[in-house]
Amino acid sequence: MSAAAALARGPVMLDVEGLELSGEDRARLLHPLVGGVILFARNYASPAQLTALTQAIRALRSPPLLIAVDHEGGRVQRFRDGFTAIPPMRTLGAHWDRDVAAAAGEAIRLGWTMARELRAHGVDFSFTPVLDLDFGASTVIGDRAFHRNPNAAAHLAAALHAGLRAGGMAAVGKHFPGHGHVAADSHVDVPVDPRTLAAITADDLVPFASMTAHGLEGVMPAHVVYPAVDAVPAGFSRIWLQDILRGRLGFDGMIFSDDLGMAGAHTAGDMTARADAALAAGCDMVLVCNDPAAADDLLARWRVGAGPDLARRAAAMEGRAPGPCPV
């Protein structure tokens, strides 16, 4: 095997085609703009195959590309056979209503289990926890949320985060500033949340502020428009990302765009324009998923340098050796 290419991590996260790297995958992942890989269910057949795939990705570059997955539990768990079935986070919220301390302990245990199993197979982190509140409006969020009560969501998310950290894994809170109040699904539509900043601050921002205070490593903004605050989706908004998330909340970790192929991102133009808009707003790394042609076009046409903080923030997302479960 050839030596790993010495390449700083770039500001793009891509997916790969199948169960092992194709020649096209390798060429994309060696592009200087790429800094990470997101895996999906199509990339998983068995624990041994996953380990081989992540080892092949890591061998390409130094420092190695970040390897991520959406592995929240419930209906969003990409790897199933050979992995513990993680329940939807709403079950922790229901447990919290009955016994706060026991629910927090279970959240720690689930976070540690999730992290330990993913780390054992070469995955750096999961895009979890969902910090959206369950207002009963959003079917795409629904039982992925811990609770309607922002303090319950903050408490359980902090406990899950403690488990993730003990298992060797960073966390990514999503979908800032909150996707739970809109019925539309940003995968296929451009949701609009008409609430005031004061209303969002009193509810939805509570878990994000709490997790920031607890050292949250990553945030993913929503492809949702909040017209009382800004006319563009939060992931393209300097007001949301720079003024509120970085300024008011004091978050200094990694900001990942949600998938720029989603309908909620199309307002910004073609893929290069979307990537430009995301970085200008304050994202550190942009995701381009399930569209190899768009990924190739972005890598060919995008002219951008990595932000001055990308290397530091990306390093904080690297997986570590798991320790013992705290509970």
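Up top you'll find the structure we're talking about.
Summarised in this report is the structure supplied together with it. Keep in mind the model is a prediction, meaning the values are calculated, not measured.

### Some thoughts on the side chain of H223
Among the secondary structure elements, H223 is positioned in the loop between β10 (218–221) and α8 (238–248). Here the side chain of H223 touches D258 through a polar contact of 3.5 Å, landing on its backbone oxygen. Here the side chain of H223 touches D259 through a polar contact of 3.0 Å, landing on its backbone oxygen.

### Quick look at the environment of P150
By the secondary structure assignment, P150 is in helix α5 (residues 150–166). Accessibility expressed as a relative area gives 10% for P150, which makes it buried. Taking the C-alpha atoms as reference points, P150 and S210, separated by 60 residues in sequence, lie 9.8 Å from one another. Excluding anything up to four places from it in sequence, P150 contacts L133, A202, D203, V206 and P207.

### Observations regarding the nonpolar core
If you look at the biggest cluster of nonpolar residues, it comprises 99 residues, and the most contacted ones within it are F125, F127, F176 and F256. Once you skip the residues sitting within four places of it in the chain, F176 turns out to touch L205, F208, V219, M220, P221, A222, A234, W240, L241, I244, L245 and L249.

### Topic: unusual backbone geometry
Note: most residues except glycine have negative phi, and most peptide bonds are trans. With omega at 0°, the peptide bond leading from S62 into P63 counts as cis. Take P63: it is sitting in the loop between β4 (61–62) and β5 (66–69). Omega for the peptide link from F176 to P177 comes to 0°, which places this bond in the cis form. For P177, the location among the structural elements is in the loop between β9 (172–176) and α6 (197–202). Phi at N290 is positive, roughly 60°, even though this residue is not glycine. Summarising the element assignment, N290 is placed in the loop between β12 (285–288) and α10 (292–301).

### A few points about the pairing of β5
Residues L66 and A68 line one face of β5 and the alternating positions I67 and V69 line the opposite face, and both faces are buried. Where strand β3 (residues 34–39) meets β5, four bridges bridge the pair, whose relative direction is parallel. Bridge assignment links I38 to a residue of β5, and that residue is A68. As judged from the two bridges shared by β5 and strand β8 (residues 125–126), these two strands associate in the parallel manner. By the bridge assignment for β8, V69 is matched with S126.

### Thoughts on the sheet that holds strand β11 (residues 254–259)
In any sheet, the strands associate via hydrogen bonds between backbone groups, in a parallel or an antiparallel arrangement. If you walk across this open sheet you meet the eight strands as β8-β5-β3-β2-β12-β11-β10-β9, and the pairing is parallel. Every other strand in the sheet has two partners, leaving β8 and β9 as the edge strands with one partner each. Along the sheet face, helix α2 (residues 47–58) touches β3 and β5 and points at about 170° away from the line of β3.

### Considerations on the pattern of salt bridges
Should the charged atoms of two oppositely charged side chains come close, the side chains can pair. Within this structure, the stated rule accounts for 25 salt bridges. The partner of D296 in a salt bridge is R28, with the nearest N and O atoms 2.7 Å apart. Residue D296 is located in helix α10, and its partner R28 is located in helix α1 (residues 23–29); the two are separated by 268 residues in the primary sequence. D296 sits in the partly exposed class, given a relative accessible area of 35%. For R28, a relative accessible area of 11% gives the class buried. Close ionic contact of D309 with R313 constitutes a salt bridge, the shortest N to O distance being 3.7 Å. Residue classification places D309 among the partly exposed positions, given a relative accessible area of 28%. Residue R313 is classed as buried on the basis of its relative accessible area, which comes to 9%. One continuous salt-bridge network, built from bridges that share partners, spans R246, D252, D284, D309, R312 and R313.

### Digging into the packing of helix α9 (residues 271–281) against α10
One can describe the packing of α9 onto α10 by two numbers: an axis separation of 9 Å at closest approach and a directional angle of 65°. Considering the relative orientation of α9 and α10, their crossing is right-handed. Along the contact surface, α9 presents M271, T272 and A275, while α10 presents A294, D297, L298 and R301. Each residue belonging to the contact of α9 with α10 can be placed in one class, and the counts come to four nonpolar, one polar and two charged.

### A look at the packing of aromatic side chains
With the rule as written, the count across this model stands at nine aromatic pairs. Between Y44 and F83, the ring centres sit 5.7 Å apart and the planes meet at 75°, which makes this aromatic pair edge-to-face. Taken together, the residues span a long stretch of sequence, with Y44 in the loop between β3 and α2 and F83 in the loop between β7 (76–77) and α3 (90–98) at a distance of 39 residues. Like F83, Y44 is buried. Relative to W240, the ring of Y226 lies with its centre 5.3 Å away and its plane at 65°, an arrangement referred to as edge-to-face. Here W240 lies in helix α8 and Y226 lies in the loop between β10 and α8, a separation of 14 residues in the sequence. Judged by its relative accessible area of 0%, W240 is buried. Among the aromatic side chains, those forming a connected cluster through ring pairs are F176, F208, Y226 and W240.

What counts and what doesn't
- Starting afresh in each chain, residues are numbered from 1 along the sequence in its written order.
- pLDDT decides what is reported in this predicted model: residues at 70 or higher carry local features, side-chain atom pairs at 80 or more are listed and counted, and totals for whole chains, interfaces and linings draw on all residues regardless.
- The side-chain figures draw on all heavy atoms in the structure; neither hydrogens nor water molecules are used.
- The numbering of helices and of strands both runs from the N terminus, where a helix is a DSSP run of H or I of at least 4 residues and a strand a run of E of at least 2.
- Pairs of N or O atoms within 3.5 Å make up the polar contacts considered here, provided that, within protein, one atom can donate a hydrogen while the other can accept it, and that residues adjacent in sequence are counted only when both atoms are side-chain atoms.
- Only protein chains enter the accessibility calculation, which uses a 1.4 Å probe. A residue is then buried if its area is under 20% of the maximum for its type, exposed if over 50%, and partly exposed in between.
- By definition in these notes, contact holds between two residues if any of their heavy atoms fall within 4.5 Å.
- Here, nonpolar core refers to any group of buried Ala, Val, Leu, Ile, Met, Phe, Trp, Tyr and Cys residues whose side-chain atoms link them within 4.5 Å.
- By the convention used here, strands pair only if DSSP detects at least 2 bridges between them.
- Between N-to-C directions, angles span 0 to 180 degrees; the directions come from axes that are lines fitted to C-alpha atoms, helices contributing only their stretch in contact.
- Put simply, a salt bridge is a Lys or Arg side-chain nitrogen that is within 4 Å of an Asp or Glu carboxyl oxygen.
- For any helix crossing, the convention is left-handed if the near helix is rotated counterclockwise from the far helix by under a right angle, and right-handed if that rotation is clockwise.
- Three classes are used: nonpolar for Ala, Val, Leu, Ile, Met, Phe, Trp, Tyr, Cys and Pro, charged for Asp, Glu, Lys and Arg, and polar for all others, with Gly counted as polar.
- In summary, the pairing rule links any two rings of Phe, Tyr or Trp, Trp by its six-membered ring, whose centres are within 6.5 Å, and it sorts them by plane angle into stacked for under 30 degrees, edge-to-face for over 60 and tilted for everything else.

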